[in-house]
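The residues making up each chain are set out below.
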Amino acid sequence: AVSFFDGGHQALATIAWPRSMEEARAMPGLPLSFVRCVDCGHVYNKDFDYANVPYSDKPNLMFNRALIWSEHLRRIRDLIIDHLPEKPVVVEIGCGEGHLLRALAEARPAGRYIGFDPNGSVDSADGRVEARRELFDPAVHLAEYRPAMVVSRHVLEHLMNPLGYLQRLA
């Protein structure tokens, strides 16, 4: 990887919303040292440290109800549905509140939809989505669920070793 952008030190944004002005001012700055993979173009923060981010305390807020984003999710859902069997098992790693899994479950109700997210704020859609409040472990969970599809959106940028993660999935 080659250096791409040095953003200095910045406080966390969407995952650490402070409750007061004092708390906001006291937030530590974390390094933003972005690099780009020369083979695939993936950009990531080489100094990211999972231990500095309170994933289990606060969700990573996504704005899934905005009009353009909602339309994007519908298009993605339709693309995914076209490639699934009638009774699929779909696992989403880092599913947040489970918006995409709920949309898939509504479109293909005979399937099984499992969302992994350590913050545990998954909306189960009246039991149509199974929420796992833990990190996905390919060595355990691929064998356990034997999914027809694994979805992992907005996850690579949160990992210390994205290549290792993808290799374990493969």
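Residues numbered from 1 in each chain as written. Predicted model: local features only at pLDDT ≥ 70, side-chain atom pairs only at ≥ 80, totals over all residues. Heavy atoms only, no water.

*Asks:* Would you take a moment to explain helix α2 (residues 67–81) for this structure?
*Replies:* In this model α2 runs 21 Å from its N-terminal to its C-terminal C-alpha over 15 residues, within 8% of the 21 Å that 1.5 Å per residue would give. Every buried residue of α2 is listed here: Ser70, Leu73, Arg77, Ile80 and Ile81. Mapping the buried residues of α2 onto a view down its axis gives an arc of 95°, with all of them on the same face. Facing away from the buried side of α2 by over 90 degrees, the exposed positions are Leu67, Ile68 and Leu79. On its buried side, α2 packs onto α3 (99–107) and β7 (149–151). (Helix = DSSP H or I, 4+ residues; strand = E, 2+ residues; numbered from the N terminus. Expected span 1.5 Å × (residues − 1). Buried < 20%, exposed > 50% of the residue type's maximum accessible area, 1.4 Å probe, protein only. Arc of directions from axis to C-beta. Contact = heavy atoms within 4.5 Å.)

*Asks:* Would you mind showing me how to read helix α4 (residues 138–145) here?
*Replies:* Because each turn of an α-helix spans 3.6 residues, side chains separated by three or four positions in sequence point in the same direction. Within the sequence span of α4, burial applies to Pro138, His141 and Tyr145. All buried residues of α4 fall inside an arc of 85° around its axis, so they share one side. When the buried face of α4 is taken as reference, the exposed residues oriented beyond 90 degrees from it are Ala139 and Ala143. Structurally, α4 contributes buried residues whose contacts are with β4 (89–93), β5 (112–116), β6 (129–132) and α5 (162–169). One side-chain oxygen at the N-terminal end of α4 lies 3.1 Å from the backbone nitrogen of Ala139; it belongs to Asp137. (Polar contact = N/O pair within 3.5 Å; in protein donor to acceptor, adjacent residues only side chain to side chain.)

*Asks:* Could you clarify how one ought to interpret a nonpolar patch on the surface in this entry?
*Replies:* The grouping of Phe4, Phe5 and Val43 at the surface amounts to a nonpolar patch, some 290 Å² of accessible area in total. Note on placement: Phe5 falls in strand β1 (residues 2–10). The exposure class assigned to Phe5 is partly exposed, which follows from its relative accessible area of 47%. (Patch = residues over 30% accessible without salt bridge, like charges linked within 9 Å, V, L, I, M, F, W, Y side chains within 5 Å. Areas by Shrake-Rupley, 256 points an atom, 1.4 Å probe, with all protein chains shown as cover. Salt bridge = Lys/Arg side-chain N within 4 Å of Asp/Glu carboxyl O.)

*Asks:* It is not clear to me how the side chain of Ser33 should be interpreted in this structure. Could you clarify?
*Replies:* Position of Ser33 among the secondary structure elements: in strand β2 (residues 30–36). For Ser33, a relative accessible area of 14% gives the class buried. Polar side-chain contacts of Ser33 include one of 2.6 Å to the side chain of Asp47. Residue contacts for Ser33: discarding those within four places in its chain leaves Phe5, Tyr44, Asn45, Lys46 and Asp47.

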